Amino acid sequence: MSSFPEILLRPATSSDAAAIATMMRASLNAFDWMPVLHTPDEDLFFIRDILLPSQQVTVAEAGERIVGFIAVNGDWVEQLYLDPAWTGQGIGSRLLVQATGGLSSVKLHCFQANSGARRFYERHGFRAEAFGDGSTNEEGLPDILYVLRR
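Quick caveat: nothing in here was measured; it's all calculated off a predicted structure.

So, how was this worked out
- Residues numbered from 1 in each chain as written.
- Predicted model: local features only at pLDDT ≥ 70, side-chain atom pairs only at ≥ 80, totals over all residues.
- Heavy atoms only, no water.
- Helix = DSSP H or I, 4+ residues; strand = E, 2+ residues; numbered from the N terminus.
- Rg over C-alpha atoms; globule rule 2.2 N^0.38 Å.
- Contact = heavy atoms within 4.5 Å.
- Areas by Shrake-Rupley, 256 points an atom, 1.4 Å probe, with all protein chains shown as cover.
- Lys, Arg positive; Asp, Glu negative; His and termini not counted.
- Charge placed at Lys NZ, Arg CZ, Asp CG, Glu CD.
- Phe/Tyr/Trp six-rings, centres within 6.5 Å; stacked < 30°, edge-to-face > 60°.
- Buried < 20%, exposed > 50% of the residue type's maximum accessible area, 1.4 Å probe, protein only.
- Arc of directions from axis to C-beta.
- Pairing = 2+ DSSP bridges.
- Axes fitted to C-alpha atoms, helices over the stretch in contact; angles between N-to-C directions.
- 1 Å grid on protein atoms, 1.4 Å probe; cavity = no way out; pocket = protein on both sides within 12 Å on 5 of 7 lines; lining within 4 Å.
- Points joined across faces, edges and corners; volume = space filled by probe spheres on them.
- Nonpolar A, V, L, I, M, F, W, Y, C, P; charged D, E, K, R; others polar.

Visitor: An account of the overall build of the protein is needed here, citing residue identities and associated values.
Guide: On a plain count of helices and strands, the protein comes out with four helices and seven strands. In the protein, the succession of helices and strands from N to C terminus is β-α-α-β-β-β-α-β-α-β-β. Relative to the compact-globule value of 15 Å for 150 residues, the protein shows a C-alpha radius of gyration of 15 Å, a close match. Counting only C-alpha atoms and orienting by the principal axes, one finds that the protein spans roughly 40 × 35 × 30 Å. For the protein, the share of sequence-separated contacts (at least 6 apart) that also reach a separation of at least 24 residues comes to 61%. Of the roughly 8300 Å² of accessible surface on the protein, a fraction of 52% belongs to carbon and sulfur atoms. Here the protein contributes 12 positively and 18 negatively charged side chains, and the mean placements of these two sets differ by 9 Å.

Listed below in structure tokens is the structure:
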């Protein structure tokens, strides 16, 4: 019997906004190549006022704690973040499969520097279809368009 709490996936609610924003920032801060462009208040505004009302957001909960989330808009995965302490346990895979299971194609952008995410998406059948120079994203970082076709 594992001592880890069970991971529950559920739709996000507006009351999750602060926990999601805090967890997203912890995840971003784990990347030394990621510029910090937003304050915690801006992170919260983005999650509460933009992401939650307009996209399908699913959270992964361990006990009472949100340890990951995915946001899907149409056939695009717009966000997929895990608490750095909870990576490598299959949570990202569960979020991805549950949130995109009904879609015949799924698209997302991933930063070229994010080698762990690139391996993750490629293991899940995503193929790199275009490489960007960073001119189309806020961070100014080279990215990759990944597409999964079922």
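Visitor: Tell me what's going on with the packing of aromatic side chains, and back it up with residues and numbers.
Guide: Tallying each qualifying case throughout the model produces six aromatic pairs. A ring pair is formed by F69 and Y81, whose centres lie 5.8 Å apart and whose planes are at 35°; its orientation type is tilted. Of this pair, F69 sits in strand β3 (residues 65–73) while Y81 sits in strand β4 (residues 76–82), placing them twelve residues apart in sequence. Exposure remark for Y81: the relative accessible area of 16% places this residue in the buried category. Measuring from centroid to centroid gives 5.5 Å for Y121 and F126, while their planes differ by 70°, and the two rings are edge-to-face. For the pair Y121 and F126, a shared accessibility class is recorded, and that class is buried.

Visitor: Explain the side chain of S27 to me, and be specific about the residues and the numbers.
Guide: As for its placement among the helices and strands, S27 is situated in helix α1 (residues 17–29). Among the residues examined, S27 registers a relative accessible area of 8% and is labelled buried.

Visitor: Just give me the short version of helix α3 (residues 91–100), but keep the residues and values in it.
Guide: The α-helix winds at 3.6 residues per turn, so residues separated by three or four positions along the chain end up facing the same way. Buried within α3 are the following residues: I91, G92, L95, L96 and T100. Each buried residue of α3 sits inside an arc of 130° when the element is viewed along its axis, so together they form one side. On the buried face of α3, the contacting elements are β1 (7–11), β2 (56–62), β3, β4, β5 (105–111) and α4 (115–123).

Visitor: How would you explain the sheet that holds strand β6 (residues 127–132) if you had to name every residue and give the values?
Guide: Within the open sheet, the seven strands sit side by side as β1-β2-β3-β4-β5-β7-β6. Their pairing is mixed. For this open sheet the edge positions go to β1 and β6, each flanked by a neighbour on one side alone. Each strand axis lies, on average, 25° off the axis of its neighbour in the sheet, ignoring direction. In terms of strand pairing, β4 meets β5 through two bridges, oriented parallel. Along β5, the bridge assignment pairs V77 with L108.

Visitor: Give me the lowdown on the layout of surface pockets, citing residues and values where you can.
Guide: By volume, the largest pocket is sized at about 1300 Å³. Around the largest pocket, the lining comprises 44 residues; the ones closest to its centre are Q79, L80, Y81, N114 and Y121. For the lining of the largest pocket, the elements supplying multiple residues, two or more each, are α1, α2 (40–54), β4, α3, β5 and α4. Here the lining of the largest pocket takes seven residues from β4, the largest share from any one element. Here the residues of the lining of the largest pocket are counted per class, giving 21 nonpolar, 14 polar and nine charged.

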